[in-house]
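Working through the structure, step by step
Okay, here's what each chain looks like letter by letter:
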Amino acid sequence: IQPHESLKIQSSVGGRIIAVNVNENDQVKKDQILLIIKNDNQKQQLKVAELQLRKNQTNLEDSKQQIILSKMKIDTSRNRVIDSERQLNLLEFQILTSSNNVKDRERQLKISETQINISKNSVKDQETNLKDIERRLKDEQTLFEQGSSTKSQLDSVQLQKDRGLLALANAKLSLLRTEQDLEGSIITLENAKISFKKAQQDYEGGKIALDNAKISLKVSEQELKRTMMSSENAEISLKLSEQEVLIRKDALEDTYVKSKINGIVVTKNVEEGEMIGGGSDLFTIINLKKIEVVFEVSESDLTNIQLNRPVIFSTPSYPSLYFKATIQRISWTSNPETGLFPVYAIGENKNNLLRIGMSSKIYLMN
C-alpha cells in the first residue's frame, strides 16, 4: 500500500526560518501555512509598491478627470464663441425691442390714467345710486310702519341696498387696482428706459466677450494636448506599478510555505531559526484519504486485468476487514526483477485504518 497523492515541499526563496507550524505526523489542510521565512524586507517592499500603485492610480484618475474637464472647457469655449456671436445679433434686436418697449409703456401709462378716470366715475355713480336706494329704503320703512307697504317690498329695497354696497365696494377695489396699475406702468416705463441703455452697454460688452471666448478656446485646446500626454504617461506608470506589486506579492507569498494538499506530514527536514537556501527540501506530505494498492501479475494473468475492474483486499493488520478498490492503471512494462507486470488500484482509506507500506492480499471481483 502506498499513498495515492504525495507531495515534497521545497522552498522558493532562501532566508532564516522564523516559524515552523507543523511537526511530523501532523494532519494539515490545503493552503495551511507550514513554515514562515523572515520577510520584513519583502513586506516593506510590498508596502512601498502598493503606495506607489495607489499614487499612480490617483494620478491616472486625476489625469482622466483633467481630460474630461479640458474637453468640457473646449466645448464651453466653442459654445461661448457661438453664443457671443448670437448675443451680438440678439443685442442689436434687443436695442430695437427696448426702444419699442419704451413707446409701449408710454402708451400703457396713458391708458392707465384713462382707466383711473373711468374707475373714479364708476365709484361716484355707485355712491349716487346707493344714496338714492338709501332714501327709498327710508321711505319704504316709514310706509311699512304706517301699514302702507308690505314686508316683501321692504326686503326688496333692502336687497337693492346690499347690492349697491357690494357694487360700490367693487368699484372702489377696481379704482385701487387701476391706481396700482398706474404705479406699475410708471415703474415699467422707467425700467424699459433702463433696459434700453443697458442693451446698448451690453452690445459693447458682447464684442469684448466674443474676443475673450476665442482666446479661451485656443488656450483650452493647448491644455487638452498637454493633459492627454500626461494621462498616457500616468497609464504607463500605473502598469509598471501593477507589475511591481505582483512581483512583490509573489516574493512575500514565497516566504509563507503552504501545503498544496490535505494530508499528513511524514517528514520534516528543518527547524525554526535555521538558514535555508532556495530549493531546500522542507516537508513531505501524503494524503491518506485515498490509497494506491500495487500488486503484480504474470503475463498469463494480464487477460484477467481490466481498467476500472473492482477488487477487494485485506491486510495482516485487519484480517477480518475487506477494503474496496478499482484498477486505474496497468503498467506497460514488467518489473525486471520479478518479470511481473505492476497493477495499480485506487481505493478509499476509510477512518485512516490503512498505513503506507502495509502488505495486502488482492481478490479480483467477477
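Before any of the text, the structure's been laid out above.
Quick caveat, the model's predicted, so the values are computed rather than measured.

Our next topic: the sheet that holds strand 4 (residues 33-37). Strand order in the open sheet made by the 4 strands is 5-4-2-7, with antiparallel pairing throughout. Of all strands in the sheet, those with a lone pairing partner are strand 5 (256-258) and strand 7 (275-276), marking the two edges. In the sheet, strand 2 (residues 15-20) pairs with strand 4 via 3 bridges, with the strands oriented antiparallel. Of the residues in strand 4, the one forming a bridge with I17 is I37.

Moving on, we come to the nonpolar core. With 18 residues, the main nonpolar core has I1, I291, F313, I327 and L354 as its most contacted residues. Counting residues per element, the ones that place at least two in this core are strand 8 (281-297), strand 9 (310-315), strand 10 (318-330) and strand 11 (341-348). Counting residues per element, this core draws most heavily on strand 8, at 6 residues. Non-local contacts of I291, meaning those with residues more than four positions away in its chain, are made with I1, Q2, H4, F313, A345, I346, G347, N349 and L354. Of all hydrophobic cores here, the second largest spans 16 residues; its members include I37, V270, L282 and F283.

Our next topic: the packing of aromatic side chains. Enumeration over the complete set of coordinates arrives at 3 aromatic pairs. Relative to F323, the ring of Y318 lies with its centre 6.4 Å away and its plane at 70°, an arrangement referred to as edge-to-face. Take Y318: its relative accessible area is 24%, and that puts it in the partly exposed class. In textbook terms, an aromatic cluster arises when at least three aromatic residues are bridged by ring pairs, as seen for F313, Y318 and F323. The cationic tip of R329 hangs over the ring face of Y344; the distance from NZ or CZ to the ring centre is 3.6 Å.

Right, let's talk about a nonpolar patch on the surface for a bit. A surface patch of nonpolar side chains, about 280 Å² in accessible area, is lined by I68, L69 and M72. A relative accessible area of 42% means that L69 is categorised as partly exposed.

The subject of this paragraph is the pairing of strand 4. When you tally the buried positions in strand 4, you get 4 out of 5 residues, the bulk of the element. Note: strand 4 against strand 5, 3 bridges, orientation antiparallel. Among the inter-strand pairings, I33 is bridged to a residue of strand 5, identified as K258.

Under the counting rule described, the total for this entry stands at 10 salt bridges. Linking D155 and K151 is a salt bridge whose minimum nitrogen-to-oxygen distance equals 2.7 Å. Highlighted residues: D155 and K151, both in helix 2 (residues 151-253), separated by 4 residues, approximately one helical turn. In this structure K151 comes out as partly exposed when scored by relative accessible area, which is 44%. With its nearest N and O atoms 2.7 Å apart, the salt bridge here joins E244 to R248. Pair noted here: E244 and R248 are both in helix 2, with a separation of 4 residues, about one helical turn. Taking relative accessible area as the criterion, E244 reaches 30% and is therefore assigned partly exposed. Taking the relative accessible area as the measure of exposure, R248 reaches 23% and is therefore partly exposed.

Cut-offs used in this document
- Residues numbered from 1 in each chain as written.
- Predicted model: local features only at pLDDT ≥ 70, side-chain atom pairs only at ≥ 80, totals over all residues.
- Heavy atoms only, no water.
- Pairing = 2+ DSSP bridges.
- Helix = DSSP H or I, 4+ residues; strand = E, 2+ residues; numbered from the N terminus.
- Core = buried A, V, L, I, M, F, W, Y, C linked by side-chain atoms within 4.5 Å.
- Buried < 20%, exposed > 50% of the residue type's maximum accessible area, 1.4 Å probe, protein only.
- Contact = heavy atoms within 4.5 Å.
- Phe/Tyr/Trp six-rings, centres within 6.5 Å; stacked < 30°, edge-to-face > 60°.
- Lys NZ or Arg CZ within 6 Å of the ring centre and 35° of its normal.
- Patch = residues over 30% accessible without salt bridge, like charges linked within 9 Å, V, L, I, M, F, W, Y side chains within 5 Å.
- Areas by Shrake-Rupley, 256 points an atom, 1.4 Å probe, with all protein chains shown as cover.
- Salt bridge = Lys/Arg side-chain N within 4 Å of Asp/Glu carboxyl O.

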